[in-house]
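In case you want the letters, here they are:
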Amino acid sequence: MAPPAALLAVAFAVSTTTNKYEVKFNRMIDELQIPPAAVEFIDSPKQRLLFRGVAAGVQEPLVKRAFLLVYNDLAPVRVAGDLIFSQLSAVAVDASERASGITARLAELAEGEEAADAAALAASRRIFDILDGDKSGGLDRDELLASPELLALIREDGGEDGAAVDRFMELADENGDGVISFVEFANAAAIKPRIGLVDSALSAALLSSSLSEVDGKKQKMRFGRKPPEERFEEMLEECFKWEKDLGCGTDEEEVEECVVDVELEKADGDDGDDNRLLQVLKGALVGARCAPVVDALKMCYLDYSPLRLGGGIIFKL
């Protein structure tokens, strides 16, 4: 059933020219684009998800356009978007500054290959987060001793675990406070390359043990309402259903052309409500197939109630 005209009019106000919201949106996106290596120096896992989502979304013009329209036309989304940006802008600057020295060192070891820098730092971040059992953002001696996997990498032949950890602490703990930050850990990994040689099997084993505590837990909601995570997953599955029904899937053989593309071509140059909604729909279909974008959206949907409200409106429309 078509959405009520009043809801459509309120939710999506027509904008025929570049307005202040579009200018602001583009400026925010530009400021949040940082090198992949710098993202690893962000302490918050949720914020790292957001930066990766921004980077992936910018690479997809249809996704970026959909986000721009939603930000421009939906006040709840603007409120949440401005709040998120206010939290992330300083984080972007700080991460870039923290990464600069270490990426230069890694570039020397990898003969200047930026991809190698990012991969090495991603491996270091993956290990660091799993070792950081109390999620304090720093590693102490006890956390290092509790990891047989790390000890296997830093222990010398015939050496004792305690001695190996003490040597590593002396190497990595640059300020001598008894706690190794990620910057210090990444520096040590650059000096001691074996730490960066963590294959997928080791990472999977570490991750499996770290997730055992939360496995099987379900969030309960009052009055029978589904938890936000379940609602998000249902909307994502519905997007995949739309993709198939409209012939927009990459493996669709029965439909010669995506219905959304056909309608957008017909409405070329029209900036009315219907065309803007079609552009948002197209961006949603493309974004649903982009894992970093989905991960970032899911985190925002779970953590920011204005985005849940805006997401609900968009989905109904």
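Owing to the predicted nature of the structure, the values given are computational and were not obtained by experimental measurement. (Residues numbered from 1 in each chain as written. Predicted model: local features only at pLDDT ≥ 70, side-chain atom pairs only at ≥ 80, totals over all residues. Heavy atoms only, no water.)

(A) The overall build of the protein chain, seen in detail. Along its length, the protein chain carries 17 helices and 0 strands. Per-residue burial over the protein chain gives 42% buried out of 317 residues. Restricting to contacts in the protein chain with at least 6 residues of sequence separation, those with at least 24 account for 67%. Within the structure as shown, the protein chain displays about 17,700 Å² of accessible surface, and the carbon and sulfur contribution to it stands at 55%. (Helix = DSSP H or I, 4+ residues; strand = E, 2+ residues; numbered from the N terminus. Buried < 20%, exposed > 50% of the residue type's maximum accessible area, 1.4 Å probe, protein only. Contact = heavy atoms within 4.5 Å. Areas by Shrake-Rupley, 256 points an atom, 1.4 Å probe, with all protein chains shown as cover.)

(B) Here's a closer look at helix H16 (residues 291-303). The end-to-end C-alpha separation of H16 is 18 Å, in line with the 18 Å expected for 13 residues at 1.5 Å each. Considered for burial, the residues of H16 that qualify are Val293, Val294, Ala296, Lys298, Met299, Cys300 and Tyr301. (Expected span 1.5 Å × (residues − 1).)

(C) A look at the nonpolar core. Ile34, Phe41, Phe51, Leu144, Phe168, Ile180 and Phe185 are the most contacted members of the largest nonpolar core, which totals 56 residues. Residue contributions to this core peak at 10 residues, all from helix H6 (residues 75-109). When sequence neighbours within four positions are dropped, the list of residues in contact with Ile34 reads Val39, Ile42, Phe51, Ala92, Ala95 and Ser96. Ranked by size, the runner-up nonpolar core spans 8 residues in total, among them Phe232, Phe240, Val294 and Tyr301. (Core = buried A, V, L, I, M, F, W, Y, C linked by side-chain atoms within 4.5 Å.)

(D) Main features of the state of the cysteines. For the structure shown, the criterion picks out 1 disulfide. The disulfide that involves Cys248 links it to Cys258, with 1.9 Å between the sulfurs. Between Cys248 and Cys258, the disulfide has an S-S torsion of 65 degrees and is therefore right-handed. In this pair, Cys248 is assigned in the loop between helix H13 (228-245) and helix H14 (259-266) and Cys258 in the loop between H13 and H14, connecting sequence segments 10 residues apart. Its relative accessible area of 14% is what places Cys248 among the buried residues. Judged by its relative accessible area of 7%, Cys258 falls in the buried class. (Disulfide = S-S within 2.5 Å.)

(E) Fine view of the confidence of the model for the protein chain. With 74% of its residues at a pLDDT of 70 or more, the protein chain shows a mean pLDDT of 77. Ranking the helices and strands of the protein chain by mean pLDDT puts helix H2 (residues 20-31) first, with 93, and helix H1 (residues 5-11) last, with 47. For residues 1-17, every residue scores under 50 in pLDDT, and the model assigns this stretch 27 contacts once sequence neighbours within four places are set aside. Scored below 50 in pLDDT, residues 197-202 shows 5 contacts in the model against residues more than four places distant or in partner chains. (pLDDT = per-residue confidence, 0-100.)

(F) Representation of the packing of H2 against helix H5 (residues 61-73) within the structure. Close contact between H2 and H5 brings their axes to 9 Å; oriented N to C, the two are set at 130 degrees. Between H2 and H5, the angle is such that the two are oblique. By crossing handedness, the relation of H2 to H5 is classed as right-handed. Contacts between H2 and H5 involve Tyr21, Glu22, Lys24, Phe25, Asn26, Met28 and Ile29 on the former and, on the latter, Lys64, Phe67, Leu68, Tyr71 and Asn72. Across the contact of H2 with H5, the residue classes break down as 7 nonpolar, 2 polar and 3 charged. (Axes fitted to C-alpha atoms, helices over the stretch in contact; angles between N-to-C directions. Parallel < 35°, antiparallel > 145°, perpendicular 65-115°, else oblique. Left-handed = near helix turned anticlockwise from the far one by under 90°. Nonpolar A, V, L, I, M, F, W, Y, C, P; charged D, E, K, R; others polar.)

(G) Spotlight on helix H17 (residues 305-316). An ideal rise of 1.5 Å per residue puts 16 Å on 12 residues; H17 measures up with 17 Å between its terminal C-alpha atoms. All of the buried residues along H17 are Leu307, Gly310, Gly311, Gly312 and Ile313.

(H) Highlighting the packing of H14 against helix H15 (residues 273-287). The N-to-C vectors of H14 and H15 enclose an angle of 145 degrees; their axes lie 10 Å apart at closest approach. Seen along the crossing, H14 lies across H15 with a hand that is left-handed. From H14, Val260, Asp261, Glu263 and Leu264 reach across to H15, where they touch Asn275, Leu278, Gln279, Leu281, Lys282 and Leu285. Grouping the amino acids of the contact of H14 with H15 by side-chain chemistry returns 5 nonpolar, 2 polar and 3 charged.

(I) Fine view of unusual backbone geometry. Backbone geometry places Lys135, a non-glycine residue, at a positive phi of 55 degrees. Summarising the element assignment, Lys135 is placed in the loop between helix H7 (114-131) and helix H8 (141-145). Under the relative-accessibility criterion, Lys135 is labelled exposed at 58%.

(J) Spotlight on the pattern of salt bridges. Within the structure shown, the criterion is met by 16 salt bridges. A salt bridge links Asp245 to Lys241; its shortest N-O distance comes to 3.0 Å. With Asp245 and Lys241 both in helix H13, this residue pair falls 4 residues apart, about one helical turn. A relative accessible area of 45% places Lys241 in the partly exposed class. A cluster of three or more residues bridged by salt bridges with shared partners is formed by Asp43, Arg48, Asp94, Arg98, Arg125 and Asp129. (Salt bridge = Lys/Arg side-chain N within 4 Å of Asp/Glu carboxyl O.)

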